[in-house]
Amino acid sequence: MDVIQSFTESAAVFVQTLLCYTARMVTELTVIIRPQDEHNMTLIKHKASDELVRKGIRCKLGELTLVQIKKSIDARHGQVKLCIRYKAYIGENPEAAEQEAVPQWKAAAPDAPRVIIVGSGPAGLFGALRLLESGIRPVIIERGKETPRRKQDIAAISTKGIVDADSNYCFGEGGAGTFSDGKLYTRSNKRGDIGRILRIFHYFGADKSILTDAHPHIGTDRLPAIVNAMRAKITELGGEFRFNTRCTGFVMQNGFLTGVTVRSSADGADVAEQTISGSAVVLATGHSATDIYELIARTAPGALEAKTFAAGVRAEHPRELIDAIQYHGKKDAARLPAAEYRLTAQIDGRGVYSFCMCPGGFIVPSATGPEQIVVNGMSSAARNSRWSNAAIVVEIRPEDIPQTYRDQAAALGCPALAGLLFRTELERQTFRHGNGQAAPAQRLTDFLTHRSSEDLPDTSYTPGVTPSRLDEWLPPFIADRLAAGIQEFNKNMKGFVAPDALLVASETRTSTPVRILRDKETLQSPALPNLYPAGEGSGYSGGIVSSAMDGEHVCKAVAEAVAAAR
Ligand SMILES: Cc1cc2nc3c(=O)[nH]c(=O)nc-3n(C[C@H](O)[C@H](O)[C@H](O)COP(=O)(O)OP(=O)(O)OC[C@H]3O[C@@H](n4cnc5c(N)ncnc54)[C@H](O)[C@@H]3O)c2cc1C
């Protein structure tokens, strides 16, 4: 037995020695350090070397090159630590190995087939680039304006309370993604190659850190330039953008979609309806395009299906308070970024959860029409505002929708619209309780104890807030679950229920209440053949990265169908 053991040990030593002196190799390892040591490469290399020894690999420090692949903060158990995962190159040149591949886009030939993409959000833009990989010319129809002019309309929401129904936080170049927070994390890692989407964002100007951060974030101040660079590339390769152009109808021939009708407006003046034809139509209009759902309901009601969505409020706290809770009061010493949180609870069989958390961010007015108030959140790359906010929403299943909206949807011949009708009414009701775009709001403690807020704390929401009894007028199946959920949150994140915490209504657009059904194989709408629903509005994705992946996925199917038909 001893002989065998000693032989095994000798063999292990021999292998280690062999690795030590002959290997040019690459392996992965994790180093755990204090946040203030993040840039101390001597310390990090020593720790990495210790980790390699534990793996049975010995090498000289001079032969070791570390390339960061993921970074996360672990603030559990009263201590804040940085966990950094590296690719360790031993005797290897990482340069060649680390060449980040981006797709090979081709210029479309003059006689290339044209595919119409309705909507220039992440699904539309990444879809257009995917079509260019196959030499297909994308024609992108966008109801909103280019980013510089869109910025003016967005400013007018806060300064004048005016919401342009075609140019706002959700509509315009780059879609809802352009003035979003630009958080690029998604849980839908089975849907595609997240790394590919991040590499494309990096290629178009996003910081390299998005390739390695556990919670990559671009920031609303950087997104417009990235979206502009994507448009420039698509145009350079033969794609076409038509801004101020709203899709108003579908053109069908023999039960097959051959194009769309559009209405353009140039400087407020409406131009007559036109038809645009293409080999296929990709519908990437996002979840705020109520008119598109209504159009489909009129044309082919069976194309839609009701789905679970969520609604609630935005909670806003002083950033310092959230940082102190999450970092156990040690943020400044460790020079850490504004702290995040993610909270969930189950109340009466429904999820209540935080969503789209914006540390050091702002609450923004993201209505897409007059007489509605919708709130959302964003932050700049530096995440340094005085506040931290998050949506706190309640899961709403089709069976939770009050009967009156189900009756209305049935009367319209499309029961799937019930959730959308409910959402629309909740946004109008919120407007009635507000003052222009000043949103109805209540202190969190007053919401829980059913009291009016005599005054409200300072807020990042620039149109302003007005005191309101959200606890009284929000539908009880939302208000009661919100209250119970928040009490649960406070058990896990003590201090979340704080006198200076504010609830602002209403957060209604976390996901679509309607799905545009598509065939599993062809990805076309069975009820509207040759229509390819894509992105968040289709109900098959949510958020920037998953919508970008879905746009690519759908456009790959389109490219295959177009090639097969030629
Ligand atoms: C303020 C804010 C912050 C957000 N923050 C984040 C975040 O940090 N991380 C994240 O992952 N997600 C975030 N989101 C959500 C994210 O922006 C969306 O999930 C994503 O943009 C969806 O992509 P999409 O391409 O499917 O649709 P959209 O981005 O909604 O794009 C749809 C496009 O279609 C156009 N359109 C609609 N109807 C028509 C029509 N009839 N004719 C022509 N064009 C039409 C619209 O103008 C729009 O440009 C945020 C959203 C908002 C509003």
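This section reports on the structure supplied with the text. The residue numbers shown here count from 1 along each chain, following its written sequence. Residue-level local features of this predicted model are given only where pLDDT is at least 70; pairs of side-chain atoms are given and counted only at 80 or more, and the full residue set underlies all totals for whole chains, interfaces and linings. With hydrogens and water excluded, all non-hydrogen atoms of the structure serve as input to the side-chain values.

**Considering helix α5 (residues 147-160)**
At 3.6 residues per turn, the α-helix brings residues three or four places apart onto the same side.
Then comes step 1: Note on conventions: DSSP H or I runs of at least 4 residues are helices, E runs of at least 2 residues are strands, and numbering of each starts at the N terminus. Multiplying 1.5 Å by the helix residue count minus one yields the expected span of that helix. Helix length check: α5, at 14 residues, gives a terminal C-alpha distance of 19 Å against a target of 20 Å (1.5 Å per residue), a fit within 8%.
Then comes step 2: What makes two residues a contact is simply this: any of their non-hydrogen atoms within 4.5 Å. Taken together, the buried residues of α5 touch α7 (223-236) and β16 (362-365).
Then comes step 3: One or two steps after α5, the chain reaches Gly161, where phi turns positive at roughly 70 degrees.

**Quick look at the sheet that holds strand β14 (residues 344-347)**
Then comes step 1: Here, a strand pair is defined by DSSP locating no fewer than two bridges between the strands. Taken together, the seven strands give an open sheet; going across it, the order is β14-β15-β18-β13-β21-β19-β20, and neighbouring strands pair in mixed fashion. Each of the sheet's edge strands pairs with one partner strand only, and the pair in question is β14 and β20 (465-467). Each adjacent strand pair in this sheet contributes to an overall mean axis angle of 30 degrees, direction not counted.
Then comes step 2: The pairing of strand β13 (residues 309-318) with strand β18 (residues 387-396) spans 10 bridges and is classified as antiparallel. For Arg314, the partnering residue across the bridge sits in β18 and is Ala391. Fitted lines through C-alpha atoms give the axes, limited to the stretch in contact for helices. The angle between two N-to-C directions lies from 0 to 180 degrees.

**Regarding the site of the ligand**
Then comes step 1: In these notes, residues near a molecule or strand are those with any non-hydrogen atom within 4 Å of it. Among the 37 residues in the neighbourhood of the ligand, the closest are listed as Ala123, Glu142, Ala176, Glu536 and Ile544.
Then comes step 2: Two N or O atoms form a polar contact when they lie within 3.5 Å of each other; inside protein one atom must be a possible hydrogen donor and the other a possible acceptor, and for residues adjacent in sequence the pair counts only when both atoms belong to side chains. Here Arg143 contributes a side-chain N or O atom positioned 3.0 Å from a nitrogen atom of the ligand.
Then comes step 3: For the ligand, whose free accessible area comes to 990 Å², the fraction covered by protein is 95%.
Then comes step 4: Broken down by secondary-structure element, the contributors of at least two residues to the shell around the ligand are α4 (122-133), β7 (245-253), β17 (375-378) and α16 (544-565).
Then comes step 5: Sorting elements by how many residues they give to the shell around the ligand places β7 first, with three residues.
Then comes step 6: Taken together, the residues that form the shell around the ligand break down as 15 nonpolar, 16 polar and six charged. For every accessible area listed, the method is Shrake-Rupley and the probe measures 1.4 Å; residues are considered covered only by the protein chains on display. Under the grouping applied here, Gly and all other residues not named as nonpolar or charged are polar, the nonpolar ones being Ala, Val, Leu, Ile, Met, Phe, Trp, Tyr, Cys and Pro and the charged ones Asp, Glu, Lys and Arg.

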